[in-house]
Every structure is written in structure tokens, then in C-alpha cells.
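Single-letter residue listing:
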Amino acid sequence: MPVSTRIEEVRNEITALAQASSTATEVMQGVCRVLHQRMLKYNWVGFYMLESGATPPMLVLEAFVGAMTPHTRIPLNQGICGAAASSGKTIVVDDVSKDPRYLACSLETKSEIVVPIFVRGQVAGELDIDSHFAAAFGTEDQQLVQYCAEVVGKKLEKA
Ligand code: SME
């Protein structure tokens, strides 16, 4: 199956699961399950959400699929996760060994994408995906992951 066909199918699955879910947590769990199962190079998929009212601000691991990570709480000045949340920008790292910001979660990880989730214009968390393959996240992957982050943001806005 061509990659673009799979991405289109997965996008439709995400749309359907968001419509069928009653809470943002359910959407997050579904996104983790679908992306991990269907996108073969997405070896760890998880959500970090900003802890409400925390000083200093802290990203806390919520739904995820993949091996347990030592990084369950990440301050905004650490890691690729902290950089994405503090800048409000998607970060794609093709080779994590060359990025000094990278916090290792698994020795097998070669590339990573982190996409912020916005709720009413403010960063509320992010979707983080690691791959055992270098440069696993191309333009279409980036669009798919951004779509998933938007779907979760919209569900949170309705909560
Ligand atoms: N690699 C991330 C930490 C989270 S784990 O990958 C699950 C980072 O550099 O922020």
C-alpha cells in the first residue's frame, strides 16, 4: 500500500474515533493505539500535557503506547518536548544523536516528532512520537500528526 493511501486511511480512522469518543482522554488513547498499530515506523506514541497551575510549568506523561519511558515529567526548558511546548512549534528531528536537546527514552530511538496541542490558542500539551528509523517523519507524517494534535485540541475545547 502506498504511504499516502495508508496516511489517508489512518486520518479517516482518527476522524471516526474522535466522533465516537466522549472524552479527550478517550481520543488520546485511540490516537496512540491507531498510530502505533498502523504507522509501522511509529514505535512510541504518547501525549504529554501541561500540568495545570504548576510552577515551573511541567509536561506530564498521559496516554501512551510503547515501552515505559523514564521521562514522565519534563520541564519546559528540557528536551525536544520542552522545546516544542515552549515555542508552540512542531519539531522534527531526523537524527536524535545530533540534537543536544534530546532526552533519551530508548536506545533504539533514531528520530522524533513533537507537535504542540493548542486549546483556545494556548499550548495545552503535545503529541510525541519516536521511531527506531532515522528520518521517519516526512511532510505527510507531519501533516498526519498535526491533524491528530488538532483533533485532541478541539475535543479539549469542548470539555
Ligand atoms: N525524547 C523526548 C523525551 C520523551 S521520550 O522520547 C518518550 C525529549 O527529548 O524531550
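Our structure is the block above this text.
Analysis parameters
Residues numbered from 1 in each chain as written. Predicted model: local features only at pLDDT ≥ 70, side-chain atom pairs only at ≥ 80, totals over all residues. Heavy atoms only, no water. Core = buried A, V, L, I, M, F, W, Y, C linked by side-chain atoms within 4.5 Å. Buried < 20%, exposed > 50% of the residue type's maximum accessible area, 1.4 Å probe, protein only. Helix = DSSP H or I, 4+ residues; strand = E, 2+ residues; numbered from the N terminus. Contact = heavy atoms within 4.5 Å.

Peer 1: Could you give an account of the nonpolar core, naming the residues involved and the relevant values?
Peer 2: By size, the foremost hydrophobic cluster in this structure holds 34 residues, and its most contacted members are I14, L35, Y42, F47, L127 and I129. Within the residue set of this core, elements represented by two or more residues are α1 (3-20), α2 (24-38), β1 (44-50), β5 (111-119), β6 (122-131) and α4 (139-158). Leaving out residues up to four positions away in the same chain, L35 has contacts with V10, Y42, V45, L127, I129, L144 and C148. The next biggest cluster of nonpolar side chains, apart from the first, holds 15 residues, and it includes W44, L59, A84 and V114.

Peer 1: Which residues make up the environment of C148, and what are the values?
Peer 2: The topology assignment puts C148 in helix α4. According to the relative accessible area criterion, C148 is buried, its value standing at 0%. In this structure the C-alpha to C-alpha distance between C148 and I14, which are 134 residues apart in sequence, comes to 7.0 Å. If sequence neighbours within four positions are ignored, C148 has contacts with I14, V31, L35 and L127.

Peer 1: Describe unusual backbone geometry, and please don't skip the residues or the numbers.
Peer 2: For the peptide bond that leads from T55 to P56, omega is -5 degrees, which places it in the cis range. Mapped onto the elements, P56 comes out in the loop between β1 and β2 (58-65). Within the chain, R120 stands out as a residue other than glycine whose phi angle is a positive 50 degrees. With respect to the secondary-structure elements, R120 resides in the loop between β5 and β6. Relative accessible area serves as the criterion here: at 57%, R120 is assigned to the exposed category. Although it is not a glycine, A135 adopts a positive phi angle of roughly 50 degrees. Relative to the helices and strands, A135 is located in the loop between β6 and α4.

Just geometry here; none of it tells us what the structure is for.
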